[in-house]
Amino acid sequence: MISIRRCGVALAAILALSGGALPASAQMHVFDPTNYSQNLLTAARTLEQVNNQILSLQNEAQMLINQARHLASLPYSSLQQLQQSIGRTRQLLSQAQNIAYDVQQIDRAFSTTYAPASANQSAQSLIANAQTRWQNSVAGLQDALRIQATVVGNLDTNRSELSALVDASQGAAGALEAAQAGNQLVALQAQQLADLTATVAAQGRAQSLEAAARVAAQDQAREQLRRFLASNTGYQPSTVRMFHE
């Protein structure tokens, strides 16, 4: 048998005689398992890096979407309605009749109209002060009723605004929308508290005017009784005709 080594020598000799070139069909491809494994490992690592980069880009895109959602402004605003409600109540308070919500005006009234009756005052002055006090009491009661009616009218507006704000808060897509809805709910509560304060103030004003009028009337009655008892004329009987004959 011819050994493999001899075949190799013979093949080498043939290649030398033919110029060292073999036809393409006669060339042999040698498989290198080590090189193949390295190439496969490199490709797998490259694919993993690409996947990681894609995942990172997706996370960044989602983060930007969330940030945009959190920065989105609430599409609903109740500011105009709340301002109108507060404006109606403030207008009525500013239209308070006679003795308004002013410290100096109150001091002047209690130094004149509601001051204790003196012996130097004329009967006409006492009567005029009593009439003014009565008018102040009636005006205070009217102002209180007007404010109460306005506050009751605001209840329907407040109810609809509250419902709209709660719906907007529950449907908020981001933190900013939820915060804005919460702020408007707080503003609505503040407006309701302002209405309640105005109602209490108007009612208290009416009661105070009525109480002051009673006290002044009692003092004036004592002065008039003193004048009557101090008069020199005394009681003079007279004939009174009750029916026409």
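Residues numbered from 1 in each chain as written. Predicted model: local features only at pLDDT ≥ 70, side-chain atom pairs only at ≥ 80, totals over all residues. Heavy atoms only, no water.

Enquirer: Requested: an account of the overall build of the protein, with residues and values cited.
Expert: Broken down by element type, the protein carries six helices and zero strands. A buried classification covers 21% of the 245 residues belonging to the protein. The long-range share in the protein, meaning contacts at least 24 apart out of those at least 6 apart in sequence, stands at 83%. Within the structure as shown, the protein displays about 18,100 Å² of accessible surface, and the carbon and sulfur contribution to it stands at 60%. (Helix = DSSP H or I, 4+ residues; strand = E, 2+ residues; numbered from the N terminus. Buried < 20%, exposed > 50% of the residue type's maximum accessible area, 1.4 Å probe, protein only. Contact = heavy atoms within 4.5 Å. Areas by Shrake-Rupley, 256 points an atom, 1.4 Å probe, with all protein chains shown as cover.)

Enquirer: Report on the pattern of salt bridges, specifying residues and quantitative values.
Expert: Counted by the stated rule, this structure contains six salt bridges. Of the charged contacts in the structure, one is a salt bridge between Arg-159 and Asp-156, with a shortest N-O distance of 2.6 Å. Of this pair, Arg-159 and Asp-156 are both found in helix α5 (residues 123–170), three residues apart, which corresponds to roughly one turn of the helix. Judged by relative accessible area, which is 53%, Arg-159 ranks as exposed. (Salt bridge = Lys/Arg side-chain N within 4 Å of Asp/Glu carboxyl O.)

Enquirer: Lay out the packing of aromatic side chains with the relevant residues and their values.
Expert: What the rule picks out here adds up to one aromatic pair. Here Phe-110 and Tyr-114 contribute two aromatic rings whose centre-to-centre distance is 4.8 Å and whose plane-to-plane angle is 20°, an arrangement assigned as stacked. Given the relative accessible area of 41%, Phe-110 is considered partly exposed. Here Tyr-114 falls in the buried class, since its relative accessible area comes to 8%. Lying over the aromatic face of Tyr-101, Arg-205 brings its terminal NZ or CZ to 5.4 Å of the ring centre. (Phe/Tyr/Trp six-rings, centres within 6.5 Å; stacked < 30°, edge-to-face > 60°. Lys NZ or Arg CZ within 6 Å of the ring centre and 35° of its normal.)

Enquirer: How would you sum up the side chain of Thr-199? Please name residues and give values.
Expert: Along the polypeptide, Thr-199 turns up in helix α6 (residues 175–230). Owing to a relative accessible area of 19%, Thr-199 belongs among the buried residues under this scheme. In terms of polar contacts, Thr-199 uses its side chain to reach the backbone carbonyl oxygen of Asp-195, at 2.9 Å. Excluding anything up to four places from it in sequence, Thr-199 contacts Ile-147, Gln-148 and Val-151. (Polar contact = N/O pair within 3.5 Å; in protein donor to acceptor, adjacent residues only side chain to side chain.)

Enquirer: Report on a nonpolar patch on the surface, specifying residues and quantitative values.
Expert: Where nonpolar side chains cluster on the molecular surface, the patch consists of Leu-193, Leu-196 and Val-200 and spans about 300 Å² of accessible area. Following the sequence through the fold, Val-200 ends up in helix α6. (Patch = residues over 30% accessible without salt bridge, like charges linked within 9 Å, V, L, I, M, F, W, Y side chains within 5 Å.)

Enquirer: Give me the environment of Val-152: which residues, what numbers.
Expert: The topology assignment puts Val-152 in helix α5. Owing to a relative accessible area of 52%, Val-152 belongs among the exposed residues under this scheme. As for Val-152 and Asp-195, which are separated by 43 residues in sequence, their C-alpha atoms are 9.2 Å apart.

Enquirer: Can you break down helix α3 (residues 79–94) residue by residue, with the values?
Expert: Counting along an α-helix, one turn takes 3.6 residues, and residues three or four places apart therefore face a common direction. With 16 residues, α3 extends 22 Å from end C-alpha to end C-alpha; this agrees with the ideal 22 Å at 1.5 Å per step. For α3, the complete set of buried residues consists of Leu-82, Ser-85, Thr-89 and Leu-92. The buried residues of α3 occupy an angular sector of 100° when projected down its axis, which confines them to one face. Along α3, exposed side chains directed more than 90 degrees from the buried face belong to Gln-80, Gln-83, Arg-90 and Ser-94. (Expected span 1.5 Å × (residues − 1). Arc of directions from axis to C-beta.)

Enquirer: Summarise unusual backbone geometry; cite the residues concerned and give the values.
Expert: Notably, Asn-98 is not glycine yet its phi reads approximately 60°, a positive angle. One can find Asn-98 in the loop between α3 and α4 (103–111).

Enquirer: Explain the packing of α5 against α6 to me, using residue names and the numbers behind them.
Expert: As a packed pair, α5 and α6 sit with axes 9 Å apart at the nearest point and diverge in direction by 165°. Of the possible angle classes, the one that applies to α5 and α6 is roughly antiparallel. Both α5 and α6 take part in a crossing whose hand is left-handed. Broken down by class, the residue content of the contact of α5 with α6 amounts to 22 nonpolar, 14 polar and eight charged. (Axes fitted to C-alpha atoms, helices over the stretch in contact; angles between N-to-C directions. Parallel < 35°, antiparallel > 145°, perpendicular 65-115°, else oblique. Left-handed = near helix turned anticlockwise from the far one by under 90°. Nonpolar A, V, L, I, M, F, W, Y, C, P; charged D, E, K, R; others polar.)

Enquirer: Residues and numbers for the packing of α3 against α6, please.
Expert: Two elements in contact, α3 and α6, have axes whose closest approach is 10 Å; the angle formed by their N-to-C orientations is 15°. As summarised for this structure, α3 and α6 are arranged roughly parallel, according to the angle between their axes. By crossing handedness, the relation of α3 to α6 is classed as left-handed. Taking contact as the criterion, the partners of Leu-79, Leu-82, Ser-85, Ile-86, Thr-89 and Leu-93 in α3 are, on α6, Gln-184, Ala-187, Leu-188, Gln-191, Asp-195 and Ala-198. Tallied by class, residues from the contact of α3 with α6 come to seven nonpolar, four polar and one charged.

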